[in-house]
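# Analysis of the macromolecular model
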Amino acid sequence: MARTRLTPEREGELYAAVLDLLREVGYDALTMDAVAARTRSSKATLYRQWGSKPELVVKALRHNKPVSLVEIDTGSLRGDFHAVLSLTDDCQMEKDSALMRGLSHAVHENPDLHQALRELLIEPEITGLDLLLRRAVDRGEVRPDNPALAYVPHMLIGAFAARQLVEDRSVDQAFLTDYVDSVVLPALGA
């Protein structure tokens with residue numbers, strides 16, 4: 001069956017509602033009924049447009065993150081990391097942290113969600129990060145055999161998860177900037 005095209009504005013409204021619900025109730029309690037009620041649309045329309053809850057959630061997450069790391073090239077690794085961090089304000093980071101908390105449990109229970117997240121969100125981010133790091137290696141800022149190169153995604157994801165656990169505070173720009181300068185760049189020898 002052909003999908004009717006939603007206007008970009010309507011699609012954006014739907015995605016925003018999905019993300020708000022995710023933050024409020026978490027993934028497991030998020031239902032297509034709740035999305036339909038919140039967005040004044042029919043459940044049939046939602047299923048016709050997105051097929052499944054995991055697909056809808058991941059498309060909403062991806063829509064929320066339109067900036068690609070591939071586009072960032074300041075000429076230095078430190079500059080690139082700082083440029084990436086400047087794309088998001090503290091308010092958005094707080095929201096992203098809430099989303100990550102809401103999804104972290106759900107990915108273990110829902111293979112479809114995990115697969116969709118990996119394909120649509122995580123792999124493109126890692127690809128963009130790999131490009132930033134490869135350019136730093138090409139410029140001679142980081143040795144190509146530095147073992148920390150393989151762990152940069154882990155370090156960055158760890159910063160998000162650990163701040164909440166260790167300090168009971170959400171990440172913000174100041175924390176992440178300091179973390180990159182104090183942990184990531186030294187580990188890379190940059």
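We now turn to the structure provided with this report. As the structure is a prediction and not an experimental result, all values here were calculated from the model.

Cut-off values and rules
Residues numbered from 1 in each chain as written. Predicted model: local features only at pLDDT ≥ 70, side-chain atom pairs only at ≥ 80, totals over all residues. Heavy atoms only, no water. Helix = DSSP H or I, 4+ residues; strand = E, 2+ residues; numbered from the N terminus. Buried < 20%, exposed > 50% of the residue type's maximum accessible area, 1.4 Å probe, protein only. Contact = heavy atoms within 4.5 Å. Areas by Shrake-Rupley, 256 points an atom, 1.4 Å probe, with all protein chains shown as cover. Axes fitted to C-alpha atoms, helices over the stretch in contact; angles between N-to-C directions. Parallel < 35°, antiparallel > 145°, perpendicular 65-115°, else oblique. Left-handed = near helix turned anticlockwise from the far one by under 90°. Nonpolar A, V, L, I, M, F, W, Y, C, P; charged D, E, K, R; others polar. Phe/Tyr/Trp six-rings, centres within 6.5 Å; stacked < 30°, edge-to-face > 60°. Lys NZ or Arg CZ within 6 Å of the ring centre and 35° of its normal.

### Regarding the overall build of the chain
Helix and strand content of the chain: nine helices and zero strands. When its helices and strands are written in sequence order, the chain yields α-α-α-α-α-α-α-α-α. The dimensions of the chain, computed from C-alpha atoms along their principal axes, are 55 × 40 × 30 Å. Within the chain, the proportion of its 190 residues that are buried is 36%. Of the contacts formed within the chain by residues at least 6 apart in sequence, a portion of 69% connects residues at least 24 apart. Total accessible area on the chain is roughly 10500 Å²; 55% of this is exposed by carbon and sulfur atoms.

### Points about the packing of helix 8 (residues 152-167) against helix 9 (residues 173-188)
To characterise two packed helices, one gives the angle between the axes of the helices and the distance between these axes. Where helix 8 meets helix 9, the axes come as close as 11 Å, and the angle between the chain directions of the two elements is 135°. When the interaxial angle is binned, helix 8 and helix 9 end up oblique. You can see that helix 8 and helix 9 cross each other, and the crossing is right-handed. Residues Val-152, Met-155, Leu-156, Ala-159, Phe-160, Arg-163 and Glu-167 of helix 8 form the contact with helix 9, whose participating residues are Phe-175, Leu-176, Tyr-179, Val-180, Val-183, Val-184, Ala-187 and Leu-188. For the contact of helix 8 with helix 9, the per-class residue count stands at 13 nonpolar, no polar and two charged.

### Some points on the packing of aromatic side chains
Per the counting criterion, the structure on display carries two aromatic pairs. Looking at Lys-53, its charged tip hangs above the ring of Tyr-27, at a distance of 4.2 Å from the centre.

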